[in-house]
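Single-letter residue listing:
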Amino acid sequence: MVDETHAQAERMGAPRAAALCRNFGGALELVQGQWDDAERHLREAAELYRQLGTASGEALSLQRLGVLLCSRGRLDEADEVLGRALVRAEVALMRSHCLTRVYASLARLRLAAGDLAGADHFLSQGQEAAHRHGHCVTCNALLLPETVRVALANGRIDDAERAARELERIAATAESRMWTGMAHQARARVHAARRRTGEACAAFEEAAAAFAAAGARYDAARCRLEQAAQLGESDADAGAALAEAAARALAELGAGGGDVATPRPASTIGS
């Protein structure tokens, strides 16, 4: 449907509609692991929006592109793209919405690079932006998972618990497999931090199933990898088999870097 609408927009000479189709299509391809297409279409969307002078569309296209590059382990490129997204978000009509999403992605990037202080900084900026526009549900669905991860990486389990609980509340009110998956994943991470291995494994299992049902192969594989780490403490063979399958799925997608693994202790990006 998106491709058909895009073709019609090009025939009609409607660049705004074409940019919207490329941005939306790229977002779908990002979630479903069609990353080469997603990267091409998100870059095209960002350029179209730049030519049109539409800062909101450009910022959101670049934000999604930054997440994709981070998932691929191309952290320096992600840093440059998200820096551009931040500049455009500052002058966007939907400024607070754009900033919340960009800051969430920057927190994710810094965490992937092992820069816990930087992740904390951008998380705080994202929370401020979210507060300014009344905590948009959709934006929070992107910010809260990073809140859980950054809080746990910095040893703040109570903060992670509050964020996980809020994400569960949001997911319960929406018919979204992705949000359900994110809520289960956040809960699993809190259980893991509290060393509740059985509960963590069950929650990771639920999260992976929800992501798989949504076609989100990358997110499902990340859950399996984290589940494997928990299983490794009680059933080494099962953990190793699950980790091998998850690693194979991630390799097929071209994923890599700290966005997949446990946060690293040092960072060089953006220095």
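(A) Unusual backbone geometry, seen in detail. We note that Arg195 has phi near 60°; this positive angle belongs to a residue other than glycine. One can find Arg195 in the loop between helix H10 (177–193) and helix H11 (197–213).

(B) Representation of the nonpolar core in the model. Membership of the largest hydrophobic core comes to 45 residues, with the highest contact counts inside it found for Trp35, Leu65, Leu106, Leu109 and Tyr218. Within the residue set of this core, elements represented by two or more residues are helix H3 (35–52), helix H4 (55–71), helix H5 (75–90), helix H6 (95–112), helix H7 (116–132), helix H8 (137–153), helix H12 (217–231) and helix H13 (236–253). For this core, the element with the highest residue contribution is H6, accounting for 10 residues. Leaving out residues up to four positions away in the same chain, Tyr218 has contacts with Trp35, Ser71, Arg108, Leu250, Leu253, Ala255, Asp259 and Val260. Formed by 25 residues, the second largest nonpolar core is a distinct cluster that contains Val148, Ala186, Phe211 and Cys223.

(C) Structural context of the packing of aromatic side chains. Counting across every chain of the model gives 2 aromatic pairs. Ring geometry for Trp35 and Tyr218: centres 5.2 Å apart, planes at 70°, overall edge-to-face. Highlighted residues: Trp35 in helix H3 and Tyr218 in helix H12, separated in sequence by 183 residues. Looking at Tyr218, the relative accessible area reads 3%, which means it is buried. Aromatic side chains Tyr103 and Phe122 sit 6.2 Å apart centroid to centroid with 25° between the ring planes, which places their arrangement in the stacked category. One end of the pair, Tyr103, is in helix H6; the other, Phe122, is in helix H7, with 19 residues separating them in the sequence. The pair formed by Tyr103 and Phe122 is uniform in burial state, with each residue classed as buried.

(D) View of the environment of Leu99. In this structure, Leu99 sits in helix H6. Overall, Leu99 belongs to the buried group, its relative accessible area being 1%. Taking the C-alpha atoms as reference points, Leu99 and Ala85, separated by 14 residues in sequence, lie 8.7 Å from one another. When sequence neighbours within four positions are dropped, the list of residues in contact with Leu99 reads Leu86, Ala89, Glu90, Ala129 and Arg132.

(E) Region of interest: helix H2 (residues 15–31). Given a rise of 1.5 Å per residue, 17 residues ought to cover 24 Å, and the 24 Å separating the end C-alpha atoms of H2 matches this to within 8%. Those residues of H2 that fall on the buried side of the exposure criterion are Ala18, Ala19, Cys21, Arg22, Asn23, Gly25, Gly26, Ala27, Glu29 and Leu30. Remark: Gly33 follows H2 within two positions and exhibits a positive phi of approximately 80°.

(F) Seen up close, the packing of H10 against H11. H11 packs onto H10 with a crossing angle of 160° between their chain directions and a minimal axis gap of 8 Å. Accordingly, the angle class assigned to the pair H10 and H11 is roughly antiparallel. Every pair of crossing elements has a handedness; the one defined by H10 and H11 is left-handed. Of the residues in H11, those touching H10 at Arg177, Met178, Thr180, Gly181, Met182, His184, Gln185, Ala188, Arg189, His191 and Ala192 are Glu199, Ala200, Ala203, Phe204, Glu206, Ala207, Ala210, Phe211 and Ala213.

(G) Quick look at H10. Here H10 spans 24 Å end to end across 17 residues, near enough to the 24 Å set by a 1.5 Å rise per residue. Listed as buried for H10 are Trp179, Gly181, Met182, Ala183, Gln185, Ala186, Arg187, Ala188, Arg189, Val190 and His191. Looking at the buried side of H10, the elements it contacts are H8, helix H9 (157–173), H11 and H12.

(H) Geometry of the state of the cysteines. Following the criterion strictly, the structure yields 0 disulfides and no others. No disulfide involves Cys136; its sulfur sits 3.7 Å from the nearest other cysteine sulfur, which is in Cys139. The thiol of Cys223 is not disulfide-bonded; the next cysteine sulfur, from Cys201, is found 12 Å away. For Cys223, a relative accessible area of 0% translates into the label buried.

(I) A look at the packing of H4 against H6. Close contact between H4 and H6 brings their axes to 10 Å; oriented N to C, the two are set at 15°. Between H4 and H6, the interaxial angle falls into the category roughly parallel. With respect to the hand of their crossing, H4 and H6 are arranged in left-handed fashion. On H6, the residues that touch Ser56, Ala59, Leu60, Gln63, Arg64, Val67, Cys70 and Ser71 of H4 are Cys98, Arg101, Val102, Ser105, Arg108, Leu109 and Ala112. Among the residues making up the contact of H4 with H6, the classes are represented as 8 nonpolar, 4 polar and 3 charged.

Conventions and cut-offs
- Residues numbered from 1 in each chain as written.
- Predicted model: local features only at pLDDT ≥ 70, side-chain atom pairs only at ≥ 80, totals over all residues.
- Heavy atoms only, no water.
- Helix = DSSP H or I, 4+ residues; strand = E, 2+ residues; numbered from the N terminus.
- Core = buried A, V, L, I, M, F, W, Y, C linked by side-chain atoms within 4.5 Å.
- Buried < 20%, exposed > 50% of the residue type's maximum accessible area, 1.4 Å probe, protein only.
- Contact = heavy atoms within 4.5 Å.
- Phe/Tyr/Trp six-rings, centres within 6.5 Å; stacked < 30°, edge-to-face > 60°.
- Expected span 1.5 Å × (residues − 1).
- Axes fitted to C-alpha atoms, helices over the stretch in contact; angles between N-to-C directions.
- Parallel < 35°, antiparallel > 145°, perpendicular 65-115°, else oblique.
- Left-handed = near helix turned anticlockwise from the far one by under 90°.
- Disulfide = S-S within 2.5 Å.
- Nonpolar A, V, L, I, M, F, W, Y, C, P; charged D, E, K, R; others polar.

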